[in-house]
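Structure at a glance
Listed below are the residues making up each chain.
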Amino acid sequence: MSAITHGATLGAHPVSAGHRVWRVVRLNLVNTRTVFVVPAIVMGSILLVNAAIWYIITATTSGTDRVDAMTGTQYSGGSFYIFVFMLVIGVQVVTATFPFALGLSATRRDFALGSGLTFVLLAAVYSIAFAALSLVERATGGWFLGGHLFTSLYFGANVGQRLLVVFFGLLFCFFVGAMGGTLFMRWRATGVMLGGAALAVVVLGALAAVSFSDSWGAVGRSLLAAGPLGIATWLLVPIAVCSIAGFTVLRRATPKS
Amino acid sequence: MTTLSSIAPAVTVDGLTRRFGSFTAVDDVSFDVSGNHIYGLLGRNGAGKTTIMQLLTGQDFATSGSISIFGESPVENADVLRNVCFIKESQRYPEDFTVAHVFRSAPWFFGNWDAAFAERLIADFRLPMSRRIKKLSRGQLSAVGVVIGLASRAPLTFFDEPYLGLDAVARQVFYDRLLADFSENPRTVILSTHLIDEVANVLDHVIVIDDGRVIMDAEAEALRGAAGTVSGTRAAVDHFAEGRTVLHRDGLGGLASATLETLTAADRAAAAAAGLEVSSVSLQQLIVQKTASTTTRELEQSA
């Protein structure tokens, strides 16, 4: 009655570690609508709304007023949307895709590596698109209206800087979002709250250190000297912290019913 | 590279315990699952069935005790896990996933995936491919899990409450497809449910969990028809039941009935000779009365 061998052959299809990680990347990207289409549409809409505002300004002002107003668009934060969106994607990769990946018998290690790789690929795709759009913006004189969206000052002075600043910025958002999602997955709301509290302590400590040593002037000067790219490069520190801490916390995380 | 054992048993659990704070969800559980059989993991809601399955598939971590799946621990073990499929009843899916996204990605994870079979099952269960997972009915959600489990052809496949929300036709489809596919592609199946009568006929072996403990671990064939109920006058029933294991007693005035754990053919003849009426006990009745010692008939009512 009792059979000795298993009918469905064990290990019939050997799977390499690279393949196991890559299928997690594919799982994270399979819903192209959420990952690519929606952000592109929203970003396009933001550009249209901004262009409409620039047109109104151009049509209703003249002389130095117009020049002042259009120069002011260099401080436009319209493209920050993309960073917030990717932060949310980072959270959802852990809170929703992680439980499904475990249901598909992926290991936590393969999931973490695959998701980290997904973040790098997405940040690369979006920073290249962003830099390309900044070139178009420059070439068309601000979409023929003198406006700024992809060439805002925050992203650096040239296309190379913009590419790197946006790449590091997006990577930071992905990893911080995923870290938050991981704290939730492991310890629920308590984890997120304690994580937030720990972050607040670190930030307050840094502020206190700067204030008590009366070095705000020095901080301001070095930030200016570092420029957007210098500051963005420093984001590699929290990115590294989040990826190592996130993986450590995720290794023992369990999706609850 | 792989040292996975394809010698039975497929699953060995020894002294498995899982505590959540002061609550003990799984309490010193030990059992074996021999390969290429259909096992029923039965018990009331909250008995610990899902926790046990999460532990067996490395989704949760044991407080103490050991688990061996095909000879190895399942925790973070890719070689073991690719031979395992467990879509739990409360499975979460990625935000905004449609049914189509699920069935596009699932085959990447299971080496034995049968795409043609999956397509047939999707049609059988009438799953709407373009609908979002979060918009599915409870029955459609169960069907998604059932289709992944069947089409994965994983050497160790779990079905967690597969009947939840399924209508009568869909239940029959699952029952038929499972048996037909099992006979063509034998594998180890662990089916968890509290709807015992629905699955009683498919099961080779039954493990009943109550309050985190194993209270029954037996061949289904041995359980079917082993127990029996005798009824008649109180005096005759009491006399007959003396010295036997009584699972359940009922009485009304001078009449009484007693469910006895074992009732052989000779016992049945003796009971009939003593003027007692003998009736058989279904697997569900047997398990209800075994678990009813703690509390009463919720199992029966929810079924």
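Looking at an unreviewed UniProt entry, one finds chain B named ABC transporter ATP-binding protein, with Frondihabitans sucicola as its source organism.

The name recorded for chain A in an unreviewed UniProt entry is ABC transporter permease, from Frondihabitans sucicola.

**Remarks on the sheet that holds strand S12 (residues 255-260) of chain B**
Residues and elements named next belong to chain B. Read across the open sheet, the 4 strands follow the order S11-S12-S10-S13; overall the sheet is antiparallel. One side of each edge strand has no neighbouring strand; the edge strands of this open sheet are strand S11 (246-252) and strand S13 (277-280). Neighbour-to-neighbour, the strand axes of this sheet turn through a mean angle of 20 degrees, independent of strand direction. One ladder, built from 4 bridges, connects strand S10 (residues 228-233) with S13; its direction is antiparallel. What sits directly across from Val 230, in S13, is Val 278. Against the sheet, helix H9 (residues 234-241) contacts S10, S11 and S12, and its axis sits at roughly 140 degrees relative to S10.

**Here's the deal with the domain arrangement of chain B**
The extent of an interface is frequently quoted as the accessible surface area lost upon association of the parts. All names here are of chain B. When the domains of chain B are assigned, the result is domain 1 (11-220) and domain 2 (223-302). In this assembly, 14 residues from domain 1 lie in contact with 12 residues from domain 2. Secondary structure elements with two or more residues in the side of domain 1 that touches domain 2: helix H7 (196-199), strand S8 (205-210) and strand S9 (213-219). The residue makeup of the side of domain 1 that touches domain 2, split by class, is 9 nonpolar, 1 polar and 4 charged.

**Thoughts on the environment of Ser64(B)**
All names here are of chain B. Relative to the helices and strands, Ser 64 resides in strand S4 (residues 64-69). Residue Ser 64 is classed as exposed on the basis of its 10 C-beta neighbours within 10 Å. For the pair Ser 64 and Val 11, spaced 53 residues apart in sequence, the C-alpha separation works out to 17 Å. Those residues in contact with Ser 64 that lie beyond four places of it in its chain are Gly 15 and Thr 17.

**Points about the UniProt feature "domain: ABC transporter" (unreviewed entry) in chain B**
This chain's UniProt record puts "domain: ABC transporter" (unreviewed entry) on residues 11-236 of chain B. Counting secondary structure, residues 11-236 of chain B comes out at 32% helix and 29% strand; the distance between its end C-alpha atoms is 46 Å.

**Examining the UniProt feature "transmembrane region" (unreviewed entry) in chain A**
The feature "transmembrane region" (unreviewed entry), as given by UniProt, occupies residues 35-57, 80-104, 111-136, 163-185, 192-211 and 231-250 of chain A in the numbering adopted here. End C-alpha atoms of residues 192-211 of chain A are separated by 28 Å, and the span's content is 100% helix alongside 0% strand.

**Remarks on the nonpolar core**
One finds Leu171(A), Phe174(A) and Phe175(A) to be the most contacted residues of the largest nonpolar core, which totals 132 residues. Examining the composition of this core, we find that 16 residues originate from one element, helix H7 (residues 159-212) of chain A, more than from any other. Of the domains in this structure, domain 1 (11-220) and domain 2 (223-302) of chain B are the two that each give at least three residues to this core. The residues touching Phe174(A), leaving out its near neighbours within four places in the chain, are Met86(A), Ile89(A), Gly90(A), Phe119(A) and Ala123(A).

**A word on the pairing of S11(B)**
All names here are of chain B. By the bridge criterion, 6 bridges tie S11 to S12 in an arrangement that is antiparallel. Following the sheet pairing, Asp 250 is matched in S12 by Ser 257. Where S11 folds back onto S12 in an antiparallel hairpin, the turn is made up of 2 residues, including Gly 253, whose phi is positive at roughly 60 degrees.

**Details of the sheet that holds strand S5 (residues 84-87) of chain B**
Residue and element names in this part refer to chain B. Judged by pairing direction, the sheet is mixed, and its 6 strands sit side by side in the order S5-S6-S7-S3-S8-S9 without closing on themselves. The open sheet has two edge strands with one neighbour each: S5 and S9. Averaged over all neighbouring strand pairs, the angle between strand axes comes to 15 degrees, with direction disregarded. Sheet topology places strand S6 (residues 156-160) next to strand S7 (residues 188-193); 5 bridges connect them, and they run parallel. Bridging across to S7, Phe 159 finds its partner in Leu 191. Packing of helix H1 (residues 49-56) onto the sheet brings it into contact with strand S3 (38-42), S5, S6, S7 and S8, and relative to S6 it is tilted by some 155 degrees.

**Focus: the interface of chain A and chain B**
Listed per partner, the contact involves 37 residues of chain A and 48 residues of chain B. Contributing elements (two or more residues each) for the side of chain A that touches chain B: helix H1 (17-29), helix H4 (81-103) and helix H5 (108-139) of chain A. In terms of residue class, the side of chain A that touches chain B is built from 15 nonpolar, 15 polar and 7 charged.

**What about unusual backbone geometry?**
If you check the backbone angles, Asp214(A) has positive phi at about 55 degrees while not being a glycine. Look at Asp214(A) and you get exposed, because 8 C-beta atoms sit within 10 Å. Positive phi is not limited to glycine here, since Asp211(B) has a value of about 55 degrees. Position of Asp211(B) relative to the elements: it lies in the loop between S8 and S9.

**Some remarks on the pairing of S3(B)**
Residues and elements named next belong to chain B. Most of S3 is tucked away, with 5 of its 5 residues classed as buried. Burial of S3 is two-sided: the residues Ile 38, Gly 40 and Leu 42 facing one way and the residues Tyr 39 and Leu 41 facing the other way are all buried. Here S3 runs beside S7; their pairing, made up of 5 bridges, is parallel. Bridge assignment links Ile 38 to a residue of S7, and that residue is Val 189. With 4 bridges joining them, S3 and S8 adopt parallel strand pairing. Paired with Gly 40 across the strands is Val 206, a residue of S8.

What counts and what doesn't
- Residues numbered from 1 in each chain as written.
- Chains lettered and ligands numbered in written order.
- Predicted model: local features only at pLDDT ≥ 70, side-chain atom pairs only at ≥ 80, totals over all residues.
- Pairing = 2+ DSSP bridges.
- Helix = DSSP H or I, 4+ residues; strand = E, 2+ residues; numbered from the N terminus.
- Axes fitted to C-alpha atoms, helices over the stretch in contact; angles between N-to-C directions.
- Contact = placed C-beta atoms within 7 Å.
- Domains from an automatic or database assignment.
- Nonpolar A, V, L, I, M, F, W, Y, C, P; charged D, E, K, R; others polar.
- Buried ≥ 20, exposed ≤ 12 C-beta atoms within 10 Å, placed from the backbone.
- UniProt positions renumbered as here; feature names shortened; annotations may be inferred.
- Core = buried A, V, L, I, M, F, W, Y, C linked by C-beta atoms within 7 Å.

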